[in-house]
Amino acid sequence: MNVIQVKARLKQGVRDFQQQDLTGIDLTGFDLSYSNLAGVNLSYAILKHANLEGANLEKANFKCADLTYGNLTAIRSAAAIFVRANLSYANLSGADLNACNFKKANLIRANLYRALLTNTDFTQANLTETNLAEADLNHTILYDTNLTRSDLERVDLSQAILDKVVLADGTMPRED
């Protein structure tokens, strides 16, 4: 499927792209809000400034995709792959990112406020200045992860793997 086909389907009101191969496609600025993108392959895709609010991204592949400044609020993306993806400045507040893979991903200044991040892998990811306030990082892997100047207020780190984490000038959870 190419950009013209995607645009035509959206114009017709079709928001189901389940299991489609959209590898390397440029969807910069597209409105894919509330679309069904379950199992879609968007590896190497360009989704800068794209609106994916409320979309179903379960088991989708975003390997090496560019989601810079994307709106991913309230997405459902259990077991999605974001390996080496660029999510800098993306808004993922309230997102369900349970069991996702963010190995070596760039999440600089991303907004993950109140995101569900249980069983998620952030190995060698860059979360510099990321808003993780009130996020659930229960059972999350934070191995060799950069959390410099990140907001970790009221974060659930129960049984999280915290090894070789960089946390310079970050805001730590307060003890009640």
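Here, every reference points to the structure presented above.
Parameters at a glance
- Residues numbered from 1 in each chain as written.
- Predicted model: local features only at pLDDT ≥ 70, side-chain atom pairs only at ≥ 80, totals over all residues.
- Heavy atoms only, no water.
- Helix = DSSP H or I, 4+ residues; strand = E, 2+ residues; numbered from the N terminus.
- Rg over C-alpha atoms; globule rule 2.2 N^0.38 Å.
- Buried < 20%, exposed > 50% of the residue type's maximum accessible area, 1.4 Å probe, protein only.
- Contact = heavy atoms within 4.5 Å.
- Core = buried A, V, L, I, M, F, W, Y, C linked by side-chain atoms within 4.5 Å.
- Polar contact = N/O pair within 3.5 Å; in protein donor to acceptor, adjacent residues only side chain to side chain.
- Phe/Tyr/Trp six-rings, centres within 6.5 Å; stacked < 30°, edge-to-face > 60°.
- Salt bridge = Lys/Arg side-chain N within 4 Å of Asp/Glu carboxyl O.

Enquirer: Could you clarify how one ought to interpret the overall build of the chain in this entry?
Expert: Check the secondary structure of the chain and you find 1 helix and 2 strands. Listed by position from the N terminus, the elements making up the chain come as α-β-β. In terms of overall dimensions, the chain is globule-like: its C-alpha atoms have a radius of gyration of 16 Å, near the 16 Å expected for 176 residues. In terms of principal-axis extent, the alpha carbons of the chain reach across some 50 × 25 × 20 Å. Buried residues in the chain amount to 44% of all 176 residues.

Enquirer: Would you mind showing me how to read unusual backbone geometry here?
Expert: Peptide bonds are trans in most cases, and residues, glycine excluded, mostly fall at negative phi. Of note in the backbone geometry, His49 takes a positive phi value of approximately 60° without being a glycine. Positionally, His49 belongs in the loop between α1 (3-11) and β1 (141-143). Backbone geometry at Lys164 places phi at a positive 60°, although glycine is not the residue there. With respect to the helices and strands, Lys164 occurs in the segment after β2 (161-163).

Enquirer: Help me understand the environment of Asn61 in this model?
Expert: With respect to the secondary-structure elements, Asn61 resides in the loop between α1 and β1. Relative accessible area serves as the criterion here: at 21%, Asn61 is assigned to the partly exposed category. Between the C-alpha atom of Asn61 and that of Val14, which follows or precedes it by 47 residues, the distance is 21 Å. Discounting chain neighbours no more than four positions away, the residues touching Asn61 are Val40, Asn41, Leu42, Ser43 and Ile81.

Enquirer: Hey, could you run me through the environment of Leu57 in this one?
Expert: Here Leu57 is to be found in the loop between α1 and β1. Residue classification places Leu57 among the buried positions, given a relative accessible area of 0%. Each residue touching Leu57, except ones within four places of it in the same chain, is listed here: Leu37, Ala38, Phe62, Leu72, Ile75, Arg76, Ser77 and Ala80.

Enquirer: Can you walk me through the nonpolar core in this structure?
Expert: One broad trend across soluble globular proteins is that nonpolar side chains are buried collectively. Judged by nonpolar contacts, the single largest core of 49 residues is most densely connected at Phe82, Leu92, Leu97 and Leu107. Dropping the residues within four chain positions of it, Phe82 is found in contact with Phe62, Leu67, Ser77, Leu87, Leu97, Cys100, Asn101, Phe102, Lys103 and Ala105.

Enquirer: Got a minute to help me understand the side chain of Thr148 in this structure?
Expert: Note that Thr148 resides in the loop between β1 and β2. With relative accessibility at 10%, the residue Thr148 sits in the buried group. A polar contact of 2.5 Å, which involves the side chain of Thr148, links it to the side chain of Asn146. Every residue in contact with Thr148, bar those within four places of it in the chain, is listed here: Leu127, Thr128, Glu129, Val166 and Ala168.

Enquirer: Mind showing me how you'd approach the packing of aromatic side chains here?
Expert: How two aromatic rings sit relative to each other is set out by the distance from centre to centre and by the angle between their planes. Under the definition given, this model contains 4 aromatic pairs. Pairwise contacts between aromatic rings join Phe62, Phe82, Phe102 and Phe122 into one cluster.

Enquirer: Hey, could you run me through the side chain of Asp66 in this one?
Expert: Mapped onto the fold, Asp66 is located in the loop between α1 and β1. If we skip the residues at most four places from it in the chain, Asp66 touches Ala45, Ile46, Leu47, Lys48 and Asn86.

Enquirer: Would you mind showing me how to read the pattern of salt bridges here?
Expert: Any two side chains of opposite charge can pair, so long as their charged atoms come close to each other. Tallying each qualifying case throughout the model produces 8 salt bridges. As a salt-bridge pair, Asp121 and Lys103 come within 3.7 Å of each other at their nearest N and O atoms. Of the two residues, Asp121 sits in the loop between α1 and β1 while Lys103 sits in the loop between α1 and β1, which places them 18 residues apart along the sequence. Taking relative accessible area as the criterion, Lys103 reaches 34% and is therefore assigned partly exposed.

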